Amino acid sequence: MESASLDRRVVVQTKGETVVHPLSHLRDRPYVVLLGEPGAGKSTALRHEATAEGGEAVTCREVMNGTPLGSSGTAYLDALDEYRSGDGAKDKLLQLANAISTSNIRRWRLTCRAEDWRDAADINAMRRAANNEPITVAHLLPLEEDEAQTILEALGQPDPKHFVQEARVRGADAFLENPLSLRLLQSVVVSDGNWPTTCFELFDKAIWALAHEHDLERETDPGPSADEIIEAASAICFHFLASGAQALWRSNSLPPSSTDTEYVRIHALRLGSTIAKATLDTALFRGEGHAFQPFHRTVAEFLAARFLARRVVGAAGAPAFPLRRATALITGNDHKAPSELRGLYAWFAAHLDKQGDPGGARRLIERDAATVLVYGDAAAFDTAARRQLLVNLDREDPYFLATQNDATVLGGLAGDDLAGDFIAILDADVRSHLQVTVLQALADGPRVRSVSEKLHEIVLAEDRPLWMRERAAEVYVAKAADQNTARRALIDDLGALAPDRSQLAIRARILAGIPSDSVRPGELRQLLSDFDALPARSRDDDDIDETGSLVSLTIALRRFPRADFFDEMIGGTQRPHNSQVQSLLDQALASAIDTNPEISAKRLLAWLDNVREHSWDMLDSDVVEAIQRWIDRDTDRRELELFVALIDDCSSGGGPWMVSNQYITTTRRVPTEAVIIGLMDVAKSVAKGQERKRLFKIAAYAARNEAHWAKWRAPIIAQLEQEGGFKWPDPIGWSGFNLSS
């Protein structure tokens, strides 16, 4: 839908771990299902992938109506949810899977609305098309700011960065996360300069902007008004969606071999040829020749719902159509909307509320609150209706958020008028997704000041579950006027509590949000020491899963490492670090070495000593690779510098072989000839005595390898004999060193 070419971010669940990738990183996976909420840009992302790989995207319906799957070996199949509308949804998916498996297709990509994807059932149905191999399910993530700016630039916005900043100042952040709402927002602002405050207002203004004639040369031509075009477009979209047709058909005669169920014939709607032609000629529709479709399904759902609501309330003097019968047109035997009509159902409730029938809207909410919330706009409703949404959300499905990964629709519930309801839900013994919904609504929506104190209370409440305390902390900080001050205050308040698994997890998450240069090394070391001091897990800790508590802090330290953090001992030295602590230290240390290339060898060794229990403990491979990169910046000088620093660091009472062993375990490399030459020179510069002899022995062990011993054996033995008191084999430190080999 947006013309910008973006490699969108997706989230994939892999073996219980949530991983974020660019979509292009999934090209090595043969079978991918791409999910997203309405308007998230699924079709555009699919076309982007098809173009990048030399293929072509087609809809599932087109394929099942005879369109070839293509010759590239990969099928790019769009809009599964639209294809399996109506009866026999499961059979339609099996038919699609069969069509793929009997073709020459070796790979496929399939898009579907997240709410309409039936997870395990749909995966099983597609097994045959995947040759019983794993199917990757990826969810499109909301747009990031740079992606929103790219789309705005493609839309011709003169200053995309300023537009995004202005949207945030006006509280229109939610419109920036969805490609469709961003495009509509831009069209509305360009059209009349006014910024909408709700999604309903955005769509309402956007369809007017899209229906309006913007060509100055045609502005005075006789023709239908924008209001007349919107009225006609609403009727067209309703019949298109309610019938499940493939397309709109402008000619009187249908194409050969087609049936009435495949097309909605425009002339059969009796709109008048002038209005019909003008309506199809607007940006609300796309097509060529005689076949047309709404330019986007979500806009079509909004318009179709407008048409139905106006019939129910008897707008423009028309007789009112009974709500019960209107609802029957868009619901099944269970009185719920089928997957392909959920958007129409949700916007129908919103339009009823706006057009003076709040009672009818609440009846729809009571029947299917989750659909009204996910597919519509909660902010469009009054207090009573939004309260009813909250009351009914978990009535039939306690885990209604299971398919709504990173949905951006919950913020519409937030408002000071529901603060009391939110607090009551957060304090209740709820075993559903309702508390998660409230916290997410508070995060996504406008600030609800009267809930801030409750959020602060939850963060410090030791009897609350960890997930709730962490989520409450995120919202409390996100909605604060000064986020860093809020973080600092929470850390101080948490510091007054005894360190336990939950308290440490929250401290770590909050600390990760503070800019790296504002974090005090002492408080970071104290946090890790407290983690190390945690006792072994007991049965009482089973409901507290702090696994991954240090991930966000690890990422922050990896991106913005602090060199001074490693200048002092971290944690105790009496036992190994907690595994999470050790992982953080390894990643942060590797990054610190990379970003401080001029660090001295002495300081580097001090850093290594400060993060491990014993100097001979095996270093993590990331740390070793960072050390190797440090050496490779000036190999000859830094190898010798590190070796000499190790000599200084080793006890004089230790055997001369210890230095070489430690060098090899630290760098995973054997000493080079440049090191041997340098060590010999260092030894020669020292006055005769035990220390000089020790240095020559250290040089001997550095040369004791297949690459160098044959060349250095004779000169090293000769040098040792010159030092006097050398016996072969030397009884001190030379046991097993076969000098004759």
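The rules behind each value
Residues numbered from 1 in each chain as written. Predicted model: local features only at pLDDT ≥ 70, side-chain atom pairs only at ≥ 80, totals over all residues. Heavy atoms only, no water. Helix = DSSP H or I, 4+ residues; strand = E, 2+ residues; numbered from the N terminus. Buried < 20%, exposed > 50% of the residue type's maximum accessible area, 1.4 Å probe, protein only. Contact = heavy atoms within 4.5 Å. Areas by Shrake-Rupley, 256 points an atom, 1.4 Å probe, with all protein chains shown as cover. Pairing = 2+ DSSP bridges. Axes fitted to C-alpha atoms, helices over the stretch in contact; angles between N-to-C directions. Core = buried A, V, L, I, M, F, W, Y, C linked by side-chain atoms within 4.5 Å. Phe/Tyr/Trp six-rings, centres within 6.5 Å; stacked < 30°, edge-to-face > 60°. Lys NZ or Arg CZ within 6 Å of the ring centre and 35° of its normal. Salt bridge = Lys/Arg side-chain N within 4 Å of Asp/Glu carboxyl O. Disulfide = S-S within 2.5 Å. Parallel < 35°, antiparallel > 145°, perpendicular 65-115°, else oblique. Left-handed = near helix turned anticlockwise from the far one by under 90°. Nonpolar A, V, L, I, M, F, W, Y, C, P; charged D, E, K, R; others polar. Patch = residues over 30% accessible without salt bridge, like charges linked within 9 Å, V, L, I, M, F, W, Y side chains within 5 Å. Lys, Arg positive; Asp, Glu negative; His and termini not counted. Charge placed at Lys NZ, Arg CZ, Asp CG, Glu CD. pLDDT = per-residue confidence, 0-100.

Draft legend 1. Representation of the overall build of the chain in the model. Across its full length, the chain carries 33 helices and 11 strands. Looking at the chain as a whole, 52% of its 741 residues qualify as buried. Taking contacts inside the chain between residues at least 6 apart in sequence as the whole, the part at least 24 apart equals 66%. Total accessible area on the chain stands at roughly 33900 Å², and carbon and sulfur atoms take up 49% of it.

Draft legend 2. The arrangement of the sheet that holds strand S2 (residues 17-22) in detail. Spatial ordering of the open sheet is given by S2-S1-S7-S3-S6-S5-S4, a layout of 7 strands whose pairing is mixed. Strand pairing shows two members of the sheet lacking a second neighbour, S2 and strand S4 (57-59), which therefore form its edges. Adjacent strand axes in the sheet meet at a mean angle of 30 degrees, parallel and antiparallel pairs treated alike. Taken together, the 4 bridges between strand S3 (residues 31-36) and strand S7 (residues 136-140) define a ladder with parallel strand orientation. Residue pairing in the sheet places Leu-34 in a bridge with Ala-138 of S7.

Draft legend 3. Just the nonpolar core, in detail. Counting residues in each nonpolar core, the largest one holds 177 residues, and the members touching the most others are Phe-348, Leu-553 and Phe-566. Excluding residues within four positions of it along the chain, Phe-348 makes contact with Ala-305, Leu-308, Ala-309, Val-312, Leu-323, Ala-326, Thr-327, Ile-330 and Leu-364. If you look at the next biggest cluster of nonpolar residues, it comprises 28 residues, including Leu-35, Leu-77, Ile-105 and Cys-112.

Draft legend 4. Broad picture of helix H17 (residues 383-392). Among the residues making up H17, those that are buried are Ala-385, Arg-386, Gln-388, Leu-389, Leu-390 and Asn-392. Packing partners of the buried residues in H17 comprise helix H15 (358-367), helix H16 (369-375), helix H18 (419-427) and helix H19 (434-444).

Draft legend 5. Seen up close, the packing of aromatic side chains. Considering all chains together, one arrives at 13 aromatic pairs under this definition. Both rings, one in Phe-302 and one in Trp-347, keep their centres 5.0 Å apart while their planes meet at 75 degrees; by these two values the pair is edge-to-face. Here Phe-302 is found in helix H12 (residues 297-313), whereas its partner Trp-347 is found in helix H14 (residues 342-354), with 45 residues between them in sequence. Judged by relative accessible area, which is 0%, Phe-302 ranks as buried. Among the aromatic residues, those joined into a cluster by ring pairs are Phe-200, Phe-203, Phe-302 and Trp-347. Looking at Lys-354, its charged tip hangs above the ring of Phe-200, at a distance of 5.6 Å from the centre.

Draft legend 6. Structural view of the pairing of strand S6 (residues 107-113). Summarising burial for S6: 7 of the 7 residues are buried, a large majority. Judged by which residues are buried, S6 turns out to be covered on both faces: Arg-107, Arg-109, Thr-111 and Arg-113 on one side and Trp-108, Leu-110 and Cys-112 on the other are all buried. Relative to S6, S3 is paired through 6 bridges, and the arrangement is parallel. Bridge assignment links Leu-35 to a residue of S6, and that residue is Cys-112. Inspection of the sheet shows strand S5 (residues 74-78) paired to S6 by 4 bridges, in the parallel sense. Each bridged residue has a counterpart across the sheet, and for Tyr-76 the counterpart in S6 is Arg-109.

Draft legend 7. A look at the pattern of salt bridges. Tallied over the full model, the rule gives 32 salt bridges. A salt bridge links Glu-568 to Arg-525; the shortest N-O distance between them is 3.7 Å. Note that Glu-568 is positioned in the loop between helix H25 (551-559) and helix H26 (579-595) and Arg-525 in helix H24 (residues 521-532), a separation of 43 residues in sequence. A relative accessible area of 11% means that Arg-525 is categorised as buried. Of the charged contacts in the structure, one is a salt bridge between Asp-594 and Arg-629, with a shortest N-O distance of 2.8 Å. Separated by 35 residues along the polypeptide, Asp-594 in helix H26 and Arg-629 in helix H28 (residues 621-632) bring together distant segments of the chain. A residue is classified by how much of its surface remains accessible, and Arg-629, at 39% relative accessible area, is partly exposed.

Draft legend 8. Up close: the pairing of S3. Burial analysis of S3 places 6 of its 6 residues in the buried class, the great majority of the element. Burial of the side chains of S3 extends over both faces: Tyr-31, Val-33 and Leu-35 are buried on one face and Val-32, Leu-34 and Gly-36 on the other.

Draft legend 9. Fine view of the state of the cysteines. Evaluated as defined, the whole model comprises 0 disulfides. For Cys-60, which is in no disulfide, the shortest distance to another cysteine sulfur is to Cys-112 and amounts to 8.4 Å. According to the relative accessible area criterion, Cys-60 is buried, its value standing at 0%.

Draft legend 10. Summary view of the packing of helix H20 (residues 452-460) against helix H22 (residues 483-495). Closest axis-to-axis distance for the H20/H22 pair is 10 Å, and the angle between their directions is 40 degrees. Relative to H22, the element H20 is oriented oblique. In the packing of H20 onto H22, the handedness of the crossing is right-handed. Contacts from His-456, Val-459 and Leu-460 in H20 reach Leu-490, Asp-493 and Leu-494 in H22. Taken together, the residues of the contact of H20 with H22 break down into 4 nonpolar, 1 polar and 1 charged.

Draft legend 11. Region of interest: the environment of Ala-283. Relative to the elements of secondary structure, Ala-283 occurs in the loop between helix H11 (273-280) and strand S10 (285-288). The class for Ala-283 is partly exposed, based on a relative accessible area of 40%. The spacing of Ala-283 and Phe-295 is 12 residues in sequence and 7.1 Å in space, taken between C-alpha atoms. Apart from the residues within four sequence positions on either side, Ala-283 is in contact with Leu-210 and Phe-295.

Draft legend 12. Up close: unusual backbone geometry. Backbone geometry places Asp-119, a non-glycine residue, at a positive phi of 45 degrees. With respect to the secondary-structure elements, Asp-119 resides in the loop between S6 and helix H5 (120-125). One non-glycine residue, Arg-668, adopts positive backbone phi at about 55 degrees. Following the sequence through the fold, Arg-668 ends up in the loop between helix H30 (657-667) and helix H31 (673-684). We classify Arg-668 as partly exposed; its relative accessible area is 39%.

Draft legend 13. Layout of a positive patch on the surface. A cluster of like positive charges, contributed by Arg-324, Arg-325, Arg-363 and Arg-367, occupies part of the molecular surface. At the level of secondary structure, the elements contributing two or more residues to the positive patch comprise helix H13 (323-329) and H15. Mapping Arg-367 onto the fold places it in helix H15.

Draft legend 14. Main features of the environment of Gly-223. Mapped onto the elements of the fold, Gly-223 is located in the loop between helix H9 (199-211) and helix H10 (226-243). For the pair Gly-223 and Ala-278, spaced 55 residues apart in sequence, the C-alpha separation works out to 7.5 Å.

Draft legend 15. Structural view of the confidence of the model for the chain. In this model, the chain carries an average pLDDT of 85, and 89% of its residues clear a pLDDT of 70 or more. Here residues 214-218 is a poorly scored stretch, pLDDT under 50, and it has 4 contacts once near neighbours within four places are set aside; other chains count. Across residues 730-741 the pLDDT falls below 50, and counting only partners more than four positions away or on other chains, this stretch makes 30 contacts in the model.

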